[in-house]
Amino acid sequence: MEIDTALEHAELVLLRVDRYLRRQHIELAVSDTLIDGYRNDIGNLVQELLRGSGRMSKAQFRRDMKGVIKDYAREGFRTAWEEDGGDVSEAEASDTELIGEWQTEQQGYVDSFADWLKDKTSDLDFVDSRIELWATSFQNFVEHVKLRAEGDPVLKLDGDDGRESCDECQEYKGQSHRLSWWEKRGLTKRNGNENYGCGRWEPCQHHFYNLKGDVVIA
Ligand SMILES: [Zn+2]
């Protein structure tokens, strides 16, 4: 009898876990696929530039990569908006201008990225982590758009201090404000955010949480 009860209990737990995972999966699926696609497309371009015996020029690489950024900016906005909001045609200009903002910012890093890739003194062991930074920035953009689609939700900065924590993280940690409050102060971006001593680079383990306690901006 006891074993039966334990098994029943275990089954119930598994069912709950399964439901939870399915729900997560559904919530994340489309934009996650897009982030993977972005990472792959950039990775393929990089490989073409590095591998091809001069088949792809640096100029061509720059053009292609800027094109990839442009395509994903639009598609990322549409996908994220629909995932969390609904109709893209109802997005305000102040929301859609995020597309151009992110696109211009990211395209601005392409030339120096191409230079770094073709510089013989560069340590190409870091190629994957450099590509990951591009992907992380796209993820940050997608997360941002999703929150805009929800309106102006309250977000809390929280998380472990980790190996590295700066004055700003210490100051803002535990604070809850609307998205617009964080945006106005330029605090939501990752990797190279000048408004944090730590730059919100990878070692920073502080994230933005919604009221349910989910990470909404990593
Ligand atoms: Zn910090």
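See the structure shown above.
Below or above, wherever it landed, is the structure these notes cover. For clarity, every value in this text was computed on a predicted model and none was experimentally measured. (Residues numbered from 1 in each chain as written. Predicted model: local features only at pLDDT ≥ 70, side-chain atom pairs only at ≥ 80, totals over all residues.)

### Structural notes on the overall build of the protein
Here's step 1: Along its length, the protein carries 7 helices and 4 strands.
Here's step 2: Reading the helices (α) and strands (β) of the protein from amino to carboxyl end gives α-α-α-α-α-β-α-β-α-β-β.
Here's step 3: Out of the 218 residues in the protein, the part that is buried amounts to 26%.
Here's step 4: Long-range contacts, defined as pairs at least 24 residues apart, comprise 72% of the intrachain contacts of the protein with a sequence gap of at least 6. (Helix = DSSP H or I, 4+ residues; strand = E, 2+ residues; numbered from the N terminus. Buried ≥ 20, exposed ≤ 12 C-beta atoms within 10 Å, placed from the backbone. Contact = placed C-beta atoms within 7 Å.)

### Re the packing of helix α2 (residues 58-84) against helix α3 (residues 93-107)
Here's step 1: One way to put it is that α2 packs onto α3 with a least axis distance of 9 Å and a crossing angle of 155 degrees. By the criterion of interaxial angle, the relationship of α2 to α3 is roughly antiparallel. Of the two elements, α2 crosses α3, and the hand of that crossing is right-handed. Residues K66, I69, K70, A73, R74 and F77 of α2 form the contact with α3, whose participating residues are T96, L98, I99, W102, Q103, Q106 and Q107. (Axes fitted to C-alpha atoms, helices over the stretch in contact; angles between N-to-C directions. Parallel < 35°, antiparallel > 145°, perpendicular 65-115°, else oblique. Left-handed = near helix turned anticlockwise from the far one by under 90°.)

### With respect to α3
Here's step 1: Taking 1.5 Å per residue, 15 residues should reach 21 Å; α3 reaches 21 Å between its end C-alpha atoms and fits that length.
Here's step 2: Those residues of α3 lying buried are L98, W102, Q103 and Q106. Projection of α3 onto a plane perpendicular to its axis shows the buried side chains occupying an angular sector of 115 degrees, all on one side. For α3, the exposed residues lying more than 90 degrees away from the buried face are A93, S94, E97 and T104. (Expected span 1.5 Å × (residues − 1). Arc of directions from axis to C-beta.)

### A short note on the sheet that holds strand β4 (residues 215-217)
Here's step 1: Spatial strand order, β2-β1-β3-β4: 4 strands in an open sheet with antiparallel pairing. Looking at the sheet topology across the chains shown, the edges are occupied by β2 (176-178) and β4. Taking the axes of each pair of neighbouring strands and ignoring which way they run, one obtains an average angle of 45 degrees across the sheet.
Here's step 2: One ladder, built from 3 bridges, connects strand β1 (residues 154-158) with β2; its direction is antiparallel. By the bridge assignment for β2, K156 is matched with S176. (Pairing = 2+ DSSP bridges.)

### Section: the packing of α3 against helix α5 (residues 127-149)
Here's step 1: Between α3 and α5, the least distance of the axes is 11 Å, while the angle of their chain directions is 170 degrees. Viewed along their axes, α3 and α5 adopt a mutual orientation that is roughly antiparallel. Along the contact surface, α3 presents D95, L98, W102 and Q106, while α5 presents S137, F141, H144, V145 and R148.
Here's step 2: Partitioned by chemical class, the residues of the contact of α3 with α5 number 4 nonpolar, 3 polar and 2 charged. (Nonpolar A, V, L, I, M, F, W, Y, C, P; charged D, E, K, R; others polar.)

### Description of the pairing of β1
Here's step 1: By the alternation rule, side chains of β1 split into L155 and L157, which are all buried, and V154, K156 and D158, of which none is buried.
Here's step 2: Where β1 meets strand β3 (residues 207-209), 3 bridges bridge the pair, whose relative direction is antiparallel. Following the sheet pairing, K156 is matched in β3 by Y209.

### Let's talk about unusual backbone geometry
Here's step 1: In this structure, N191 is a non-glycine residue whose phi angle is positive, near 45 degrees.
Here's step 2: As for its position among the elements, N191 is in the loop between α7 (179-184) and β3.
Here's step 3: For N191, a count of 15 C-beta atoms within 10 Å translates into the label partly exposed.
Here's step 4: Backbone geometry places R200, a non-glycine residue, at a positive phi of 50 degrees.
Here's step 5: As for its position among the elements, R200 is in the loop between α7 and β3.
Here's step 6: The exposure class assigned to R200 is buried, which follows from the 25 C-beta atoms found within 10 Å.

### Describing α2
Here's step 1: Between its terminal C-alpha atoms α2 stretches 38 Å, which fits the 39 Å expected from 27 residues at 1.5 Å a residue.
Here's step 2: Of all the positions in α2, only F61, M65, V68, I69, Y72, A73, G76, F77, T79, A80, W81 and D84 are classed as buried.
Here's step 3: Taken from the residues just after α2, G86 is the one with a positive phi, measuring 150 degrees.

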